[in-house]
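# Reading the structure
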Amino acid sequence: DAGVTQSPTHLIKTRGQQVTLRCSPISGHKSVSWYQQVLGQGPQFIFQYYEKEERGRGNFPDRFSARQFPNYSSELNVNALLLGDSALYLCASSLGLDTSYEQYFGPGTRLTVT
Amino acid sequence: QQQVKQSPQSLIVQKGGIPIINCAYENTAFDYFPWYQQFPGKGPALLIAIRPDVSEKKEGRFTISFNKSAKQFSLHIMDSQPGDSATYFCAASPIPPRTNAGKSTFGDGTTLTVKP
């Protein structure tokens, strides 16, 4: 069975640009969470989505937004990129809301902002 | 305020040794405590997890010890191998019906090196 997939693998953007990252959860999983992992640190929670609704938001500015589609895939958008947005962006999927704490991570998208 | 503190930052052991990584948490609303293994360029992989109703859980060579009163938990890796060399993260999360059940709080990681 395929695990969580994310695209693209790597991305280089310039300050001020906008970026969209994509995630497909494990088949049958309906909850998706997004995390930012800066080099040398643990992942930081950004958003959780379940059944296309936002169910949780971390301490990130409004430049960060996300959505979930009917097939449970998800997109993370970041506007007006800053150098500090350079990080590994991780998507995690869970079976449902009741088990949303059991998270399975994808390989991540490495974003570099220059 | 860092809600999950992990130590040590790095650890070097010989093959066959038993590395121990420790975590402490502050939020009593946490009910689920997983450990993740991450290799360079990869996402974190769930290794083992524990709930606060038990004090120890073993899966293969990995053991979690949990001390609810001290709000601490640790990962032990028995008979460590060079292939275990990776970064290990502890995390903590509420579970339903608490809110934010999908929000895991991570420690800053421990880089483990197992020498042949």
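Read on for a plain summary of the structure. (Residues numbered from 1 in each chain as written. Chains lettered and ligands numbered in written order. Predicted model: local features only at pLDDT ≥ 70, side-chain atom pairs only at ≥ 80, totals over all residues. Heavy atoms only, no water.)

### Re the state of the cysteines
All names here are of chain A. In the structure shown here, the tally under the stated rule is 2 disulfides over all chains. Here cysteine 23 is linked by a disulfide to cysteine 91, with a sulfur-sulfur distance of 1.8 Å. Because the sign of the S-S torsion sets the handedness, a value of about -60 degrees for the bond joining cysteine 23 and cysteine 91 places this disulfide among the left-handed ones. On the criterion of sequence distance, the pair formed by cysteine 23 in strand β3 (residues 19–24) and cysteine 91 in strand β9 (residues 87–94) is long-range, its members being 68 residues apart. (Disulfide = S-S within 2.5 Å. Helix = DSSP H or I, 4+ residues; strand = E, 2+ residues; numbered from the N terminus.)

### Thoughts on unusual backbone geometry
With an omega of -10 degrees, the peptide bond between serine 7 of chain A and proline 8 of chain A qualifies as cis. Across the junction of serine 7 of chain B and proline 8 of chain B, the peptide omega takes the value -5 degrees, indicating a cis bond. As for its placement among the helices and strands, proline 8 of chain B is situated in the loop between β1 (4–7) and β2 (10–14). One non-glycine residue with positive phi stands out, namely tyrosine 72 of chain A, at about 75 degrees.

### A closer look at the interface of chain B and chain A
At the junction of the two partners, chain B supplies 21 residues and chain A supplies 21 residues. Carbon and sulfur atoms make up 56% of the surface buried where chain B meets chain A, a total of about 1,600 Å² over both sides. Counting the surface chain B buries against chain A, the share from its top three residues, Pro44, Gly102 and Phe106 of chain B, is 28%. At the boundary of chain B and chain A, one finds 0 salt bridges. At the surface where chain B touches chain A, the tally comes to 4 residue pairs in polar contact (both at pLDDT 80 or more). Taken together, the residues of the side of chain B that touches chain A break down into 10 nonpolar, 7 polar and 4 charged. (Contact = heavy atoms within 4.5 Å. Buried area = accessible area lost by both parts, 1.4 Å probe. Salt bridge = Lys/Arg side-chain N within 4 Å of Asp/Glu carboxyl O. Polar contact = N/O pair within 3.5 Å; in protein donor to acceptor, adjacent residues only side chain to side chain. Nonpolar A, V, L, I, M, F, W, Y, C, P; charged D, E, K, R; others polar.)

### As for the nonpolar core
Within the largest apolar cluster, 24 residues are counted, with the highest numbers of intra-cluster contacts made by Phe33, Trp35, Phe73, Leu75 and Tyr88 of chain B. Only β2, β3 (20–25), β4 (33–38), β5 (45–50), β7 (62–67), β8 (72–77), β9 (86–92) and β11 (110–115) of chain B provide two or more residues apiece to this core. Considering every element that reaches this core, the biggest residue donor is β9 of chain B, with 4 residues. Other than its neighbours up to four places away in sequence, phenylalanine 73 of chain B contacts Ile21, Asn22, Cys23, Tyr25, Phe33, Trp35, Ser65, Phe66, Cys90 and Ala91 of chain B. In this structure, Val19, Leu21, Val78 and Ala87 of chain A belong to the second largest nonpolar core, which totals 22 residues. (Core = buried A, V, L, I, M, F, W, Y, C linked by side-chain atoms within 4.5 Å. Buried < 20%, exposed > 50% of the residue type's maximum accessible area, 1.4 Å probe, protein only.)

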